[in-house]
Amino acid sequence: MEKKKIFLTEDEIPRQWYNINADIKMNPPMGPDGPVTPDMLAPVFPMNLIEQEVSPERWIDIPEEVLRVYNIWRPSPLVRAYALEKALETPARIYYKYEGVSPPGSHKPNTAVPQAYYNKEFGIKRLTTETGAGQWGSALAFACSQFGLECKVFMVRISFDQKPYRKTMMAVWGAHCVASPSTETKAGQQILEQHPDTPGSLGIAISEAIEAAVTDASGETRYSLGSVLNHVMMHQTVIGLEAKKQMEKINEYPDVVIGCAGGGSNFAGLAFPFVFDKFNGKEIAIHPVEPAACPTMTRAPFAYDHGDTIGMTPLLPMHSLGHTFVPPPFHAGGLRYHGMAPQVSQLITEGILEPRAYPQLATYEAGMLVARTEGFISAPETNHALACVVDEAKKAKEEGKEKVILFNFSGHGLIDLGAYEQFLAGNLTNYEYPAKEIEEAEKILEQYPKPELIKSR
Ligand SMILES: Cc1ncc(COP(=O)(O)O)c(C=O)c1O
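Residues numbered from 1 in each chain as written. Predicted model: local features only at pLDDT ≥ 70, side-chain atom pairs only at ≥ 80, totals over all residues.

Undergrad: Got a minute to help me understand the environment of Ala 133 in this structure?
TA: In this fold, Ala 133 is placed in the loop between β8 (126-131) and α5 (135-147). We classify Ala 133 as buried; it has 31 C-beta atoms within 10 Å. Separated by 22 residues in the primary sequence, Ala 133 and Met 155 have C-alpha atoms spaced 7.9 Å apart. Sequence-distant contacts of Ala 133, defined by excluding residues within four places in its chain, comprise Ser 159, Lys 163, Gly 333, Gly 334 and Glu 381. (Helix = DSSP H or I, 4+ residues; strand = E, 2+ residues; numbered from the N terminus. Buried ≥ 20, exposed ≤ 12 C-beta atoms within 10 Å, placed from the backbone. Contact = placed C-beta atoms within 7 Å.)

Undergrad: I keep staring at the site of the ligand and nothing clicks. Help me out?
TA: The immediate surroundings of the ligand are formed by 21 residues, with Gln 135, Ser 227, Gly 262, Gly 334 and Gly 411 found nearest. Broken down by secondary-structure element, the contributors of at least two residues to the shell around the ligand are α5, α12 (265-279) and α16 (380-399). No other element matches the 3 residues that α12 contributes to the shell around the ligand. In the shell around the ligand, the residues fall into 7 nonpolar, 13 polar and 1 charged. In this structure, the shell around the ligand is formed jointly by two domains, domain 1 (22-62 + 108-227) and domain 2 (63-105 + 231-445), each of which donates at least three residues. (Near = placed C-beta within 6 Å. Nonpolar A, V, L, I, M, F, W, Y, C, P; charged D, E, K, R; others polar. Domains from an automatic or database assignment.)

Undergrad: What is the right way to look at helix α7 (residues 164-172) in this model?
TA: All buried positions along α7 are accounted for by Arg 166, Lys 167, Met 169 and Met 170. Along α7, the residues classed as buried sweep out an arc of 160° about the axis, all on the same side. Exposed and oriented more than 90 degrees from the buried face of α7 are Pro 164 and Val 172. Tucked inside the fold, the buried residues of α7 contact α5, β9 (150-156), α6 (157-162) and β10 (176-180). Looking at the residues trailing α7, positive phi occurs at Gly 174, about 90°. (Arc of directions from axis to C-beta.)

Undergrad: Even after reading the chapter, I still don't get the sheet that holds β9, so can you show me in this structure?
TA: Spatially, 4 strands are ordered β10-β9-β8-β11 in an open sheet, and the strand pairing comes out parallel. Because the sheet does not close on itself, it has two edges, and the strands there are β10 and β11 (221-223). Adjacent strand axes in the sheet meet at a mean angle of 25° when their direction is disregarded. Relative to β10, β9 is paired through 5 bridges, and the arrangement is parallel. Each bridged residue has a counterpart across the sheet, and for Val 156 the counterpart in β10 is Ser 180. (Pairing = 2+ DSSP bridges. Axes fitted to C-alpha atoms, helices over the stretch in contact; angles between N-to-C directions.)

Undergrad: Just to check I follow, could you spell out the packing of helix α15 (residues 360-373) against α16 for this structure?
TA: The angle between the axes and the distance between the axes are what describe a pair of packed helices. Packing of α15 against α16 brings their axes to within 7 Å, and their N-to-C directions diverge by 85°. As summarised for this structure, α15 and α16 are arranged roughly perpendicular, according to the angle between their axes. In contact with Ala 362, Thr 363, Tyr 364, Ala 366, Gly 367, Leu 369 and Val 370 of α15, α16 contributes Pro 380, Asn 383, His 384, Leu 386, Ala 387 and Val 390. Here the residues of the contact of α15 with α16 are counted per class, giving 9 nonpolar, 4 polar and no charged. (Parallel < 35°, antiparallel > 145°, perpendicular 65-115°, else oblique.)

Undergrad: Just to check I follow, could you spell out the nonpolar core for this structure?
TA: Soluble globular proteins: nonpolar side chains tend toward being buried together. Counting residues in each nonpolar core, the largest one holds 124 residues, and the members touching the most others are Leu 140, Ala 141 and Val 389. Counting only domains with at least three residues in this core, you end up with domain 1 (22-62 + 108-227) and domain 2 (63-105 + 231-445). Contact partners of Ala 141, with chain neighbours within four places excluded, come to Cys 151, Val 153, Met 169, Met 170, Trp 173, Gly 174 and Ala 175. (Core = buried A, V, L, I, M, F, W, Y, C linked by C-beta atoms within 7 Å.)

Undergrad: Which parts of the structure should I look at to understand the pairing of strand β14 (residues 302-306)?
TA: When a strand is regular, its side chains alternate between the sheet's two faces. Taken across its 5 residues, β14 has 5 buried, putting it largely inside the fold. Of the two faces of β14, the one holding Phe 302, Tyr 304 and His 306 and the one holding Ala 303 and Asp 305 are both buried throughout. When β14 meets strand β15 (residues 315-319), the two strands line up antiparallel, connected through 5 bridges. Across the sheet, the residue bridging to His 306 is Leu 315, located in β15.

Undergrad: I would appreciate a short explanation of unusual backbone geometry in the present structure.
TA: Trans is the common state for peptide bonds, and a negative phi is the common state for residues other than glycine. Here Arg 74 and Pro 75 are connected by a cis peptide whose omega angle stands at -5°. Structurally, the position occupied by Pro 75 is in the loop between α2 (64-70) and β6 (78-80). Put simply, Ser 180 and Pro 181 share a cis peptide bond, and its omega is 5°. Along the polypeptide, Pro 181 turns up in the loop between β10 and α8 (186-194). With a phi angle near 70°, Val 228 is a residue other than glycine that sits in the positive phi range. With respect to the element layout, Val 228 can be found in the loop between β11 and α10 (230-236). For Val 228, a count of 26 C-beta atoms within 10 Å gives the class buried. Notably, Asn 251 is not glycine yet its phi reads approximately 55°, a positive angle. One can find Asn 251 in the loop between α11 (238-249) and β12 (256-260).

Here it is, written out as structure tokens:
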């Protein structure tokens, strides 16, 4: 019988994460008076995570306590998508890393678990965070329950209303979730005064969660971010490092690597270990994929911008639609972010990554095809990767090439069925982000210094 799944044993889980900071040069994060120093971040994050954020070490040990929790669902399977290949009549061999096996159903706990662990080690009692689709909030709730920390989640209003079961998951793991903007923070109150009917945004929810952490007088609360930052990308590399070992077992190596990108973490997690190979001479096409309705990587400028709406975070060098961006209400809540991870943005400017954008309907069509061939119902975010996989498989057919395509199946869509219901009822539409909005963003971003266009090698 054909071999469908490639497994690793539990003792084959990687013992170290890959830190791409060792291999690329970046513009520094900026504060009002110049580059940000680690101590300036101390009210927001514990120092052990700040050290990881700025570490130049290529390999960082994964603590035993983190491995113990990873063991609940890792190693995740690598799966050959035979049925999808057949449906597409492609000569390409398609593989996916299935991250939907984690308790919350996505890749997000790969970083939630170490973040909870390092905060606990540092003596922190409580974490605050934001969540878009609810995947990150539920992942942090799960991780905090493993380490006995309290957890408070600000969930983007539109997702809070669309996905009530994510709230329930967070409550089961003992976390408290409120809709953002909320009346609990100054940031939330200010936005509600100006825009009482706002659907919310990740940028607003981040402002609220940071404010809730830094204003806690006990000093025992810190903030946790589910994407964008260097240490988050690094924790996620456990995905790509496992995938490499799995492909080695069957003598395969990818020609094309694909992942959807909201803040960039599941994409980076799969792709960065292969970017390392690309730096060392391998020929691989690597595609982060975003919604055409939120075209951060494909149309927005590479600029310094804040990670949140109110402007509480340092300025980060990244592709950005502007921190005041309020996204159109398409259903992939986890991809509705104005910015992109600085490391992913840097690699785009260097031409190492080739981003793609897809309209909403094409992503659901790809999700439907995968559900009806491979069986799993994917998260709407994951569907963006799938649309690109379908395109690449068709291209391989046209060119008559036996390409190997590897993609990240970042999460299942079982809490996203409302969105599938809307798609099946014909209620979803495509939305092209207006050029005027990009020009507006460029104007807003002109007030900040310009990042340098750096070549790492
Ligand atoms: C299943 C899934 N995939 C992808 C993403 C996008 O986030 P990131 O780009 O950080 O992987 C999310 C975010 O919530 C998600 O829930």
